[in-house]
Each structure stands twice: as structure tokens, then as C-alpha cells.
Amino acid sequence: MPAISFFTESVSYNLPQKLKVKKWIKATIEKEGFKLQELNFIFCSDEYLLGINQQYLNHDTYTDIITFDNSEEEKRIVSDIFISIERVKENAKTFKTLEFDEVCRIMIHGTLHLLGYKDKGKAAKTLMTEKEDEYLGYRAEVGLI
């Protein structure tokens, strides 16, 4: 049975409207022609995510998200997505948006990576941003905004 789950590591965070968020993420995956098997969102601290970045990617930098694609079959989603809640809050201030909107943007960004979208290079980054905006717009379909 397909599952989207939410966890926390080293932070206290309660994602609002979890059922609607799950419906929105699942709809995004299906609109792109993929099947959801298991998707875990782990909300964590900057330091926790930095440790993951150092250990698994050999990057010594803070980031807002790291996506691990654990899929063994093409077009089937099995993944762990780690999101720094501290970065989300900072991004929301920087971009003058609501924290919930920013966490949705980061969540869909990680999901889009699993669907094959990249963000390295100008053209790829432009397409990624367009897809983020498109799917953020679909939140209304599930009553999320």
C-alpha cells in the first residue's frame, strides 16, 4: 500500500493538514506518471541535515533539503526526504512568504527530484521552478490553500 509518512529528528515540528498534504504529493507523483510506494519526509535541524550532507554526500554546507532516491524500479517512488525546518523558516523570511507555503515548496522540490527534474544549470533550474509553481498551484485541488 502506498504510504507518505512524516517524521522529526532533533526538532519539534508538526506539519499542518497532513492528510491534504499527502493527497497533494500523491497527486503530483501520479500526474507525472509515477507510482508511489513509500515516501518519508523527515523534518530536522540544520545540524542534523549538515551531518547527513557531510556523511553521505561529502558536502560541508548547510542546505534546506536532501533527497535520497531508494527506488529499485523505474517510475516507482521509494524515498527519504530530509528537510531542515530552520532553513525553511529562514527561507520564508527571506522570500517573505508563509512558513507553510515554504515547507510545501521544499517538499514539492524534493518530490520533483524523484520525478527526474534537476536544478543544476540555468535551463534545468528554470524548469524546476516552473514545475514547483505549477504543482504548488494544485494545492487548491485538495483544499490545501
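Residues numbered from 1 in each chain as written. Predicted model: local features only at pLDDT ≥ 70, side-chain atom pairs only at ≥ 80, totals over all residues. Heavy atoms only, no water.

Engineer: Help me understand the packing of helix α4 (residues 99-114) against helix α5 (residues 122-137) in this model?
Structural biologist: Between two packed helices, what matters for the description is the angle formed by their axes and the separation of those axes. Packing of α4 against α5 leaves a shortest axis separation of 10 Å and a crossing angle of 120°. By the angle between their axes, α4 is oblique relative to α5. Between α4 and α5 lies a crossing whose hand is right-handed. Residues C104, R105, I108, H109, L112 and H113 of α4 lie in contact with α5, whose contacting residues are M128, K131, E132, Y135 and L136. Taken together, the residues that form the contact of α4 with α5 break down as six nonpolar, two polar and three charged. (Axes fitted to C-alpha atoms, helices over the stretch in contact; angles between N-to-C directions. Helix = DSSP H or I, 4+ residues; strand = E, 2+ residues; numbered from the N terminus. Parallel < 35°, antiparallel > 145°, perpendicular 65-115°, else oblique. Left-handed = near helix turned anticlockwise from the far one by under 90°. Contact = heavy atoms within 4.5 Å. Nonpolar A, V, L, I, M, F, W, Y, C, P; charged D, E, K, R; others polar.)

Engineer: Whenever I open this one, the packing of aromatic side chains confuses me. Can you help?
Structural biologist: Note on aromatic pairs: each is described by the distance of the centres and the angle between the planes. Evaluation of the coordinates by the stated rule reveals seven aromatic pairs. Considering the side-chain rings of F6 and F43, the 6.3 Å spacing of their centres and the 15° angle between planes classify their relative orientation as stacked. Within this pair, whereas F6 is found in strand β1 (residues 3-9), its partner F43 is found in strand β2 (residues 35-44), the two being separated by 37 residues in sequence. In terms of burial, F6 and F43 fall into one category: buried. Here the aromatic rings of Y56 and F68 are separated by 5.7 Å at their centres, their planes lie at 80°, and the arrangement is edge-to-face. Here F68 lies in strand β3 (residues 65-69) and Y56 lies in helix α2 (residues 46-57), a separation of 12 residues in the sequence. Every member of this aromatic cluster is reached through a ring pair, and the members are F6, Y13, F41 and F43. (Phe/Tyr/Trp six-rings, centres within 6.5 Å; stacked < 30°, edge-to-face > 60°. Buried < 20%, exposed > 50% of the residue type's maximum accessible area, 1.4 Å probe, protein only.)

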